[in-house]
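Next come the chains, spelled out residue by residue.
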Amino acid sequence: MILRNSRWGLLIGTLLLGSCGGGGGSNPVTIGPTPIPPGQVASIAFSTATPSFIYIAGIGKIETTILRFLTQDANGNPGPDGTVVNFTLQGPNGGEYIGTPDSTPTQASSTTSGGIAEISLHSGRVAGSVTVTARVDNSPTQSVTGRSPGISIGGGVAAAGRFTLASSKTTLAMAAGQSTTITAFVADRFGNTWGLEGSQVSFYSEAGASIDVANILDFFGQASVTLVANGSTPLGFGGRLTILAVVNGEEAFTDQTGNGLYTLGEPFVELGEPFLDANETGLYEFPEFFIDADRNSTYTGSNGVWDGPGCPVAGCLTVKPIWARLTMIMSGNGGCTGVTPNPFAIANGASQGFTFQARDIFGNDMISGTTVAVALSGAGTLTGQTSATTDGVDPPTTLSFTLADATVESPNVVTLQPATITITVTPPATSGLIGCTAVITGTVD
């Protein structure tokens, strides 16, 4: 008989099958999957990958890892030796394969020993995550499977075009002891940071500040150092400071074939030896500092070929110093000049507009957090923007305001009254900088 819950209609009992004739007994039959008998593999699970991380092929780093899967029978004992385990690969489709290189790169098999089945995983030309599924077929209708976690294939080297610098402050006060954090952001040609951890980034600064010599990239492809102003004027122009960071990697290229590998004829961006572009011309000019990578005691520009691991042309550099530069404002003391007209004369019933830019002595925006206040003493009415706080980003913070004759008199009456506008620029007390004051004087009829 079949027992059912009258309300839900769900099977809650067992099916008893008996003989049709008299005197016969009945035997219970279990409904469900057939149990796996002892002596066959009942479970398979991922165990280890050695090493746990590999790199794309052709860059001179580890390209192969060994994956191990543990098989067990129903009693928890190791699966029998010689059991065939079939493997299937899923990945970024960049030429990676399992087992031996053949016509079935995503399929392979091996046999167990001591309950362990091993398979080799080889990287291709594209970074990404790979998973491998292991399957044991106990019969044509019964299989057990296990799957690995994602195994990372990293790009392995830093790529120009994926290398930038940033400062924690938009401007840095030129006063000695003022500091900011400079961070290098580095990724491989695929935009990934896997495998870059531990790579060293070297930092350089022109006169005007000192900087930590180097730091290593973390898991996120970042390396930070401290830049400290020393109170001197940068060698560059206009109170601007250039910072250089260098790491070994490869020149940027356009992968037109999609194979993850530079191919002759593909466009690329050439880099000469790294240099501090103190005068910001974009070209190396003596005596600017440079890294003499080829040790020929002179600056070497681009060599006309793509440089990077696995480069295919004679004379190319398989280890290429790539670089990024950051030019930031080193803000000086306040420079309150250039307010016109000064003196001024406002006719009866008329007005005069003024514009003031909060610049330092180099003509750059004052350091972030500088306050600007405009005040009037004497005749007239002051309207417009009479206060502001600088953000330290070019163009300089600009205030526009108007002084108007507040009292309109008859045309034949001339009463000249003095008026003074005072503009006060006050840097943050912690900046070590000195502010300034601009005074505009004139008359209002």
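Below is a summary of the structure that appears in this document. Residue indices begin from 1 for each chain and proceed along its sequence in written order. Thresholds applied to this predicted model are a pLDDT of at least 70 for local features of residues and 80 or more for the giving and counting of side-chain atom pairs; totals over whole chains, interfaces and linings are not thresholded and use all residues. Values shown for side chains rest on all heavy atoms present in the structure; no hydrogens or waters enter the calculation.

## Some points on the sheet that holds strand S30 (residues 436-444)
Part 1 of the reasoning: Spatial ordering of the open sheet is given by S23-S30-S29-S25-S27, a layout of 5 strands whose pairing is mixed. The sheet is open, and its two edges are formed by strand S23 (344-346) and strand S27 (387-389), each paired on a single side. Put simply, the sheet's adjacent strands are angled 20° from each other on average, direction ignored.
Part 2 of the reasoning: Paired strands, in this sense, are two strands between which DSSP finds at least two bridges. By the criteria applied, helices consist of DSSP H or I runs no shorter than four residues and strands consist of E runs no shorter than two, each listed in order from the N terminus. Here strand S25 (residues 371-378) runs beside S27; their pairing, made up of 3 bridges, is antiparallel. By the bridge assignment for S27, valine 372 is matched with alanine 388. Angles here are taken between N-to-C directions and fall from 0 to 180 degrees, while the axes themselves are lines fitted to C-alpha atoms, restricted in helices to the stretch in contact.

## What about the sheet that holds strand S14 (residues 163-167)?
Part 1 of the reasoning: The strand order across the open sheet built from 4 strands is S14-S16-S20-S18, with neighbouring strands paired in antiparallel fashion. At either margin of the open sheet sits one strand with a lone partner, and together these are S14 and strand S18 (209-211). Ignoring which end each strand starts from, the neighbouring axes of this sheet average 25° apart.
Part 2 of the reasoning: Judged from the 5 bridges that link them, S14 and strand S16 (residues 179-186) form a sheet pairing that is antiparallel. Bridge assignment links phenylalanine 163 to a residue of S16, and that residue is valine 186.

## Section: the packing of aromatic side chains
Part 1 of the reasoning: Pairing of aromatic rings covers Phe, Tyr and the six-membered ring of Trp, with a centre-to-centre limit of 6.5 Å; geometry is then stacked below 30 degrees between planes, edge-to-face above 60, and tilted otherwise. Tallied over the entire structure, the rule returns 17 aromatic pairs.
Part 2 of the reasoning: Relative to tyrosine 55, the ring of phenylalanine 53 has its centre 5.0 Å away and its plane inclined at 75°; by these criteria the two rings are edge-to-face. With respect to class, phenylalanine 53 is no different from tyrosine 55; both count as buried.
Part 3 of the reasoning: Taken together, the ring pairs connect Phe275, Tyr284, Phe290, Tyr299 and Trp323 into an aromatic cluster.
Part 4 of the reasoning: We note arginine 325 situated over the ring of phenylalanine 275; from NZ or CZ to the ring centre the distance is 4.6 Å. Under the scheme applied here, a residue whose accessible area is under 20% of the maximum for its type counts as buried, over 50% as exposed, and between as partly exposed, the area being computed with a 1.4 Å probe on protein chains only. Each ring is checked for a lysine NZ or an arginine CZ that lies within 6 Å of its centre and within 35 degrees of its normal; such an atom marks a charge sitting over the ring.

## Points about the side chain of serine 123
Part 1 of the reasoning: Inspection of the secondary structure puts serine 123 in the loop between strand S9 (116-122) and strand S10 (128-139).
Part 2 of the reasoning: Engagement of the side chain of serine 123 in a polar contact is seen with the backbone oxygen of tyrosine 55, the distance being 2.6 Å.
Part 3 of the reasoning: Whether two residues touch is decided by their heavy atoms; if any such pair falls within 4.5 Å, the residues are in contact. Those residues in contact with serine 123 that sit more than four places away from it in its chain are Ile54, Tyr55, Ile56, Ala57, Glu63, Gly95, Glu96 and Ile153. Whenever two N or O atoms come within 3.5 Å, that pair is a polar contact, provided that in protein one can donate a hydrogen and the other can accept it, and provided that, for residues adjacent in sequence, both atoms are side-chain atoms.

## Concerning the environment of valine 269
Part 1 of the reasoning: Within the secondary structure layout, valine 269 lies in the loop between strand S21 (240-250) and strand S22 (320-331).
Part 2 of the reasoning: With 108 residues separating them in the primary sequence, valine 269 and glycine 161 have C-alpha atoms 8.8 Å apart.
Part 3 of the reasoning: Other than its neighbours up to four places away in sequence, valine 269 contacts Glu251 and Ala252.

## Overview of the nonpolar core
Side chains of a nonpolar character, in soluble globular proteins, are inclined to be buried together.
Part 1 of the reasoning: Judged by nonpolar contacts, the single largest core of 34 residues is most densely connected at Phe163, Leu165, Ile182, Val201, Phe203, Leu227 and Ile243.
Part 2 of the reasoning: Elements with a contribution of two residues or more to this core: S14, S16, strand S17 (200-205), S18, strand S20 (222-229), S21 and S22.
Part 3 of the reasoning: Listed in part, the 28 residues of the second largest apolar core include Tyr55, Phe69, Ala108 and Ile151. To define a nonpolar core, start from buried Ala, Val, Leu, Ile, Met, Phe, Trp, Tyr and Cys residues and group those joined through side-chain atoms within 4.5 Å.

## Observations regarding unusual backbone geometry
Part 1 of the reasoning: With an omega of -5°, the peptide bond between threonine 50 and proline 51 qualifies as cis.
Part 2 of the reasoning: Within the element layout of this structure, proline 51 appears in the loop between strand S3 (43-50) and strand S4 (53-55).
Part 3 of the reasoning: For the bond running from threonine 340 to proline 341, omega is -5°, close enough to zero to count as cis.
Part 4 of the reasoning: A positive phi is found at asparagine 93, a non-glycine position, where the angle reads about 65°.
Part 5 of the reasoning: Note that asparagine 93 resides in the loop between strand S6 (84-90) and strand S7 (97-98).
Part 6 of the reasoning: For arginine 295, which is not a glycine, the phi torsion comes out positive at approximately 55°.
Part 7 of the reasoning: Within the fold, arginine 295 resides in the loop between S21 and S22.

## What about the side chain of serine 331?
Part 1 of the reasoning: Considering the arrangement of structural elements, one finds serine 331 in strand S22.
Part 2 of the reasoning: Given a relative accessible area of 0%, serine 331 falls into the buried group.
Part 3 of the reasoning: If we ignore the near neighbours within four places in the chain, the residues touching serine 331 are Leu172, Ala173, Met174, Asp360, Asp365, Met366, Ile367 and Leu433.

## Some words on the pattern of salt bridges
Pairing is possible between side chains of opposite charge, provided their charged atoms come close.
Part 1 of the reasoning: Here, a salt bridge means any side-chain nitrogen of Lys or Arg that lies within 4 Å of a carboxyl oxygen of Asp or Glu. Counted by the stated rule, this structure contains 7 salt bridges.
Part 2 of the reasoning: Across the salt bridge formed by arginine 240 and glutamate 280, the nearest N and O atoms sit 3.0 Å from each other. Of the two residues, arginine 240 sits in strand S21 while glutamate 280 sits in the loop between S21 and S22, which places them 40 residues apart along the sequence.
Part 3 of the reasoning: The salt bridge partner of lysine 320 is aspartate 307, with a shortest N-O separation of 3.5 Å. Of this pair, lysine 320 sits in strand S22 while aspartate 307 sits in the loop between S21 and S22; the two residues are 13 residues apart in sequence, bridging distant segments of the chain.
Part 4 of the reasoning: Residue lysine 320 is classed as buried on the basis of its relative accessible area, which comes to 5%.
Part 5 of the reasoning: Using a relative accessible area of 0% as the deciding quantity, one classes aspartate 307 as buried.
Part 6 of the reasoning: Salt bridges here are not isolated pairs; linked through shared partners, they connect Glu251, Asp307 and Lys320.

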